[in-house]
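Structural overview for review
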Amino acid sequence: MCGIVGFVGTEQAAPILLDGLERLEYRGYDSAGIAVLSEKNGLQVRKSKGRLKVLKALVDGGRTMDGVLGVGHTRWATHGEPNDINSHPHLSQDSHIAVVHNGIIENYMEIKEFLLSQGVEFRSETDTEVVAQLLAYYYRLSGDLMGSVYRVLHRIEGAYALGILCSDLPDAFIAARKDAPLLLGYGEGCNFIASDVTAVIKHTRDVSYMEDGEVAVVRADGIQVYNAMGQPVEKTHSFIDWDVSAAEKGGYEHFMFKEIMEQPEAVRKTISPRIKEGRICFEELKMTPEEIREIGKIFIVACGSSYHVGMVGKYNLERLLRRPVDIMLASEFRYADPLVDEDTLVIVISQSGETLDSMAALREARKLGARILSIVNVVGSSIARESDDVLYTWAGPEIAVATTKAYSTQLIVLDMLGMYFAEVLGTIDRGNYDAIVSELQALPYKMEEVLENKETIQYLASRYFNHDSVFYIGRNLDFALGLESSLKLKEISYVHSEAYASGELKHGTISLIEDGTLVVALGTYVPLFDKAMSNIVEVKARGADIVALTTDSKKEEMRKTVENVLTVPDTHIILEPSLGIIPMQLFAYYVALQRGCDIDKPRNLAKSVTVE
Ligand code: F6R
């Protein structure tokens, strides 16, 4: 949610900032801006409502702004509508200080009122402007820039990643972080800040992650980091080993399509290193077998698609472990007074590792004494760093706002974790264990097989793309699969859709089924296939158009009732959602394509949701 980039070096800053922002645009895309400092022209700010390309045109790709030092921002609006004025960077009244910000300043109104009473005039409706104005106010009083930065950080409440330029500091910019991601990038003769590595990977793979309360002064020849007390800090560096091309479209029209196609490989990378001699092993797991045996209860918390992974996990973990698994939306967990204690293992699932609701749930769970295990894609992210154990999903960078390969790899890690625990607890027999491991190893190949059938899905999407409302129905794991399938469709195609446990239809929703209503019937959960069929017949009798999904072994049976049948290979029952999701992602993608939607950047959304 909002992307920040900062650069200082010997090359012209503006084109580098724009390039970095392009890679961060998935974090927010309602407006963008850059501030550059040069000896000749002082502090220059250009910003504009709309996509980054509008800003790029405004500054001729950055060529019209001189200076080798600057910060940039791409926005997902929180305070104030997306317009030119509310775009970042924000300037102090005297135009000596420029600020870019990701996060929310919760007490901005109180600070704004104070500054207004001191005669400060505001230009925007944003919370961020108070940071620029308050900093300029303290700086005017004291003449001490760093001291004033600390005063501001002590006064503001909320979450922030900040990039600050001051015309009195011609060779450096200042960065600060609390509860919003910010990393430092170390180049040769140049240095960076960024909300995530994709913005700097072209220039450097040597990064470190800022901690809450830290402040950095970034110069071309080095970065000095200070802790919340102003004492110098030595940072641990991390090396980013993935390729630049991983964050590029590579000839595909959309990142989402590329990421759908990358799933077999991503899943392979997630599975392979964790199966040794037919046994699942998590070398990175610190939890001992004794500690696993002591777990009284498992609680899964997550948001959106990651929550849907948790829904599959609830069914599978309870089946494998024969003990209760609770699941709650992270945004609810925090305020629900959840029944969590020292005996509880809380599993937090997050692609970005920065989702504020999930982070807040994690901290609440920790306060209640729970042990935290997270399943995260972004290495070094906040959720990963604050967990007792982290299992990375190795999906590589996911750029499209709608998640696909991260979902699939999360699902695999959770299934494998269930298997690992089940072996320790002795709740799985050898035959079943071996069968699942063997199917896990075959899964990437079966996923490739599903992807080969994309033309059939494209055809069905062209047939049904103009329906206004779609219902996804299924039982057990198919219900969990339906939740994610429905979210995929609605978020990128703007078609209203709902997911229902098939058995629930008759308790109300079936009243909405009429001639021509599109129902996507999920029938991959073979143990309840016959029950699923009964529900399909019920909606068919009420005039629904049906697209069904089932396994190869059940397709003939399904075809007796339904004309449009999509299939996936048979696998072990607990892994079936990993195959079933692929046609559903493709269906959503092709529907959105037919409807001319902006697939990688759906309206009102952003990739990393760092506000509550
Ligand atoms: C939907 C989607 C979102 C995320 C949710 C949680 O396609 O991507 O629903 O799953 O915002 O994000 P993470 O997993 O980063 O915590």
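Quick notes on the rules
Residues numbered from 1 in each chain as written. Predicted model: local features only at pLDDT ≥ 70, side-chain atom pairs only at ≥ 80, totals over all residues. Heavy atoms only, no water. Salt bridge = Lys/Arg side-chain N within 4 Å of Asp/Glu carboxyl O. Helix = DSSP H or I, 4+ residues; strand = E, 2+ residues; numbered from the N terminus. Buried < 20%, exposed > 50% of the residue type's maximum accessible area, 1.4 Å probe, protein only. Domains from an automatic or database assignment. Contact = heavy atoms within 4.5 Å. Buried area = accessible area lost by both parts, 1.4 Å probe. Polar contact = N/O pair within 3.5 Å; in protein donor to acceptor, adjacent residues only side chain to side chain. Nonpolar A, V, L, I, M, F, W, Y, C, P; charged D, E, K, R; others polar. Near = heavy atom within 4 Å. Areas by Shrake-Rupley, 256 points an atom, 1.4 Å probe, with all protein chains shown as cover. Pairing = 2+ DSSP bridges.

Observations regarding the pattern of salt bridges
- Across all of its chains, the model carries 39 salt bridges by this definition.
- With a closest N to O distance of 3.1 Å, Glu 491 and Lys 488 form a salt bridge. Residue Glu 491 and its partner Lys 488 are located together in helix α16 (residues 477-493), separated by 3 residues, close to a single helical turn. You'll find Glu 491 and Lys 488 in the same group, each marked buried.

Structural notes on the domain arrangement of the protein chain
- Each domain of the protein chain was delimited in the assignment, giving domain 1 (3-244), domain 2 (249-449) and domain 3 (454-594).
- The distance between the C-alpha centroids of domain 2 and domain 3 comes to 25 Å.
- Facing 32 residues of domain 2, the contacting portion of domain 3 comprises 30 residues.
- When domain 2 packs against domain 3, close to 2,800 Å² is buried across both sides, 70% of that on carbon and sulfur atoms.
- For the pair domain 2 and domain 3, the number of links is 0 salt bridges.
- Counting the contacts that link domain 2 with domain 3 gives 11 residue pairs in polar contact (both at pLDDT 80 or more).
- Among the elements that make up the side of domain 2 that touches domain 3, the one with the highest residue count is helix α9 (residues 304-321) (9 residues).
- Residues of the side of domain 2 that touches domain 3, tallied by class, amount to 16 nonpolar, 10 polar and 6 charged.

A short note on the site of the ligand
- Near the ligand you find 15 residues, and of these Ser 306, Ser 350, Gln 351, Thr 355 and Glu 491 are the closest.
- Residue Ser 350 places a side-chain N or O atom 2.6 Å away from an oxygen atom belonging to the ligand.
- Separating an oxygen atom of the ligand from a side-chain N or O atom of Lys 488 is a distance of 2.9 Å.
- Starting from 410 Å² of accessible surface for the ligand in isolation, the protein chains cover 89%.
- For the shell around the ligand, the secondary-structure elements that each account for two or more residues are α9 and α16.

Focus: the sheet that holds strand β9 (residues 183-186)
- The strand order across the open sheet built from 8 strands is β3-β2-β4-β1-β10-β9-β11-β15, with neighbouring strands paired in antiparallel fashion. Edge positions in the open sheet fall to β3 (42-49) and β15 (238-239), since each of these has one partner strand only.
- Relative to β15, strand β11 (residues 206-209) runs antiparallel, the two being bridged by 2 bridges. Residue Asp 206 lies in a different strand from β15, and its bridge partner there is Phe 239.

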